[in-house]
Amino acid sequence: MAIGFLDLAAEAKLDRWCMSPYCTTCQNMDFRTALAELPDLQHDLELLDLGILRRSQLNALRLVAILSSKSLDWTKILSIWLPHAGRNIRSTDYVCYYLLNGVTCSQEVRAAWISVCIQMAIEKRDDSLLESLVRRLGEDSRNHPKLVSAAIEQSVSSPLLRSALAKASLLPHEVSEQQRTKREKAGYNLFKAIRRNDVKAVQALWAKHANLSIVDEEGRTALELAVSLGRDGLAQLIRAKLLSG
Ligand SMILES: [Zn+2]
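Residues numbered from 1 in each chain as written. Predicted model: local features only at pLDDT ≥ 70, side-chain atom pairs only at ≥ 80, totals over all residues.

Looking only at helices and strands, the chain has 14 helices and 0 strands in total. Starting at the N terminus and ending at the C terminus, the chain contains elements arranged as α-α-α-α-α-α-α-α-α-α-α-α-α-α. Computed over the C-alpha atoms, the radius of gyration of the chain is 26 Å, more than 25% above the 18 Å expected from 2.2 N^0.38 for a compact globule of 245 residues. In the chain, which comprises 245 residues, the share counted as buried stands at 30%. By sequence separation, contacts in the chain at least 24 residues apart represent 67% of the contacts at least 6 residues apart. (Helix = DSSP H or I, 4+ residues; strand = E, 2+ residues; numbered from the N terminus. Rg over C-alpha atoms; globule rule 2.2 N^0.38 Å. Buried ≥ 20, exposed ≤ 12 C-beta atoms within 10 Å, placed from the backbone. Contact = placed C-beta atoms within 7 Å.)

Next up, the structure:
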């Protein structure tokens with residue numbers, strides 16, 4: 001039986017307990033039961049050495065943070081850990097991404113952690129930590145221009161970082177090649193729907209984000225075709241669509 005957090009993490013790994021956060025099948029019953037039996041989890045976590053935590057231990061820590069987000073003094077734990085934050089970038093990243101927003105702790109400690117993480121991310125140019133920060137800070141990332149410029153620089157080689165930046169409105173959303181093709185196809189089908197004067201089909205093609213800027217074999221856009229065919233209702237719809245973007 002586990003007597004401390006590290007024993008618990010070892011047992012979970014050895015016995016292959018379910019460690020999926022918010023598991024709806026078993027509710028992490030094995031882990032939850034063993035966790036409840038630990039005599040002094042608070043103390044264990046305060047003594048935890050962030051610098052040497054392995055992946056399985058970090059996963060156990062994430063589950064503890066979810067299952068005991070309010071029942072532990074996380075302000076104290078995170079303050080004790082803070083001076084050691086720089087020792088291991090993977091643990092720091094884990095705390096930044098999974099713990100800071102999930103557990104109940106003081107604003108001051110959270111802010112202090114974020115500032116250490118930002119410094120570290122800028123210094124090390126670590127894609128994953130940059131991504132965690134941009135995802136957690138969202139549009140507030142703008143308040144940290146050096147973080148944003150480091151993230152944008154690194155994003156050239158990291159699709160995950162690009163998507164985090166786009167989500168935080170710091171980069172335009174990327175349209176994948178596949179999406180582009182679909183939109184083009186819908187755009188061509190639009191011409192047929194206009195010729196048939198088929199309003200329903202036109203609306204269905206809009207739902208597929210039909211590309212309105214492509215032209216038919218005579219060089220006409222969908223709007224020009226609708227006008228030339230005297231499809232006033234459709235022309236009006238297309239104008240409205242173009243205006244609304
Ligand atoms: Zn499960």
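Now that the structure has been shown, we can carry on.
Split into domains, the chain comes out as domain 1 (5-124) and domain 2 (177-244). One C-alpha centre belongs to domain 1, the other to domain 2, and the line joining them spans 52 Å. (Domains from an automatic or database assignment.)

The backbone of Gln27 sits at a positive phi, close to 50°, despite the residue not being glycine. A count of 12 C-beta atoms within 10 Å places Gln27 in the exposed class. With phi around 55°, Asn28 is a residue other than glycine that occupies positive phi space. Residue placement: Asn28 occurs in the loop between α1 (5-14) and α2 (29-36).

Looking at the secondary structure, you find Leu41 in helix α3 (residues 41-47). Accessibility expressed as a C-beta count within 10 Å gives 19 for Leu41, which makes it partly exposed. Residues Leu41 and Gly4, spaced 37 residues apart in sequence, show a C-alpha to C-alpha distance of 6.9 Å.

Between its first and last C-alpha atoms helix α7 (residues 107-124) spans 25 Å; for 18 residues at 1.5 Å apiece the expected length is 26 Å, and the two agree. Along its buried surface, α7 packs onto α5 (74-81), α6 (89-99), α8 (127-137) and α9 (145-155). Just beyond α7, the residue with positive phi is Arg125, at close to 55°. (Expected span 1.5 Å × (residues − 1).)

Close contact between α7 and α8 brings their axes to 9 Å; oriented N to C, the two are set at 140°. When the interaxial angle is binned, α7 and α8 end up oblique. With respect to the hand of their crossing, α7 and α8 are arranged in left-handed fashion. When α7 is examined against α8, the residues Cys117, Ile118, Met120 and Ala121 are found in contact with a partner set consisting of Leu129, Leu130 and Leu133. Its residues assigned to classes, the contact of α7 with α8 shows 7 nonpolar, no polar and no charged. (Axes fitted to C-alpha atoms, helices over the stretch in contact; angles between N-to-C directions. Parallel < 35°, antiparallel > 145°, perpendicular 65-115°, else oblique. Left-handed = near helix turned anticlockwise from the far one by under 90°. Nonpolar A, V, L, I, M, F, W, Y, C, P; charged D, E, K, R; others polar.)

Glancing now at the nonpolar core. Counting 44 residues, the largest nonpolar core has Ala121, Leu130, Leu133 and Ala151 as the members making the most contacts within it. Of all the secondary structure elements, the ones that give two or more residues to this core are α1, α4 (55-67), α5, α6, α7, α8, α9 and α10 (159-167). Discounting chain neighbours no more than four positions away, the residues touching Ala151 are Leu130, Val134, Leu161 and Leu165. One finds Leu190, Val202, Leu205 and Ala222 within the second-largest nonpolar core, a separate group that totals 14 residues. (Core = buried A, V, L, I, M, F, W, Y, C linked by C-beta atoms within 7 Å.)

As a further point, take the environment of Asn59. For Asn59, the position within the fold is in helix α4. For Asn59, a count of 20 C-beta atoms within 10 Å corresponds to the buried category. A sequence separation of 103 residues divides Asn59 from Arg162, and the C-alpha atoms of the two residues are 25 Å apart.

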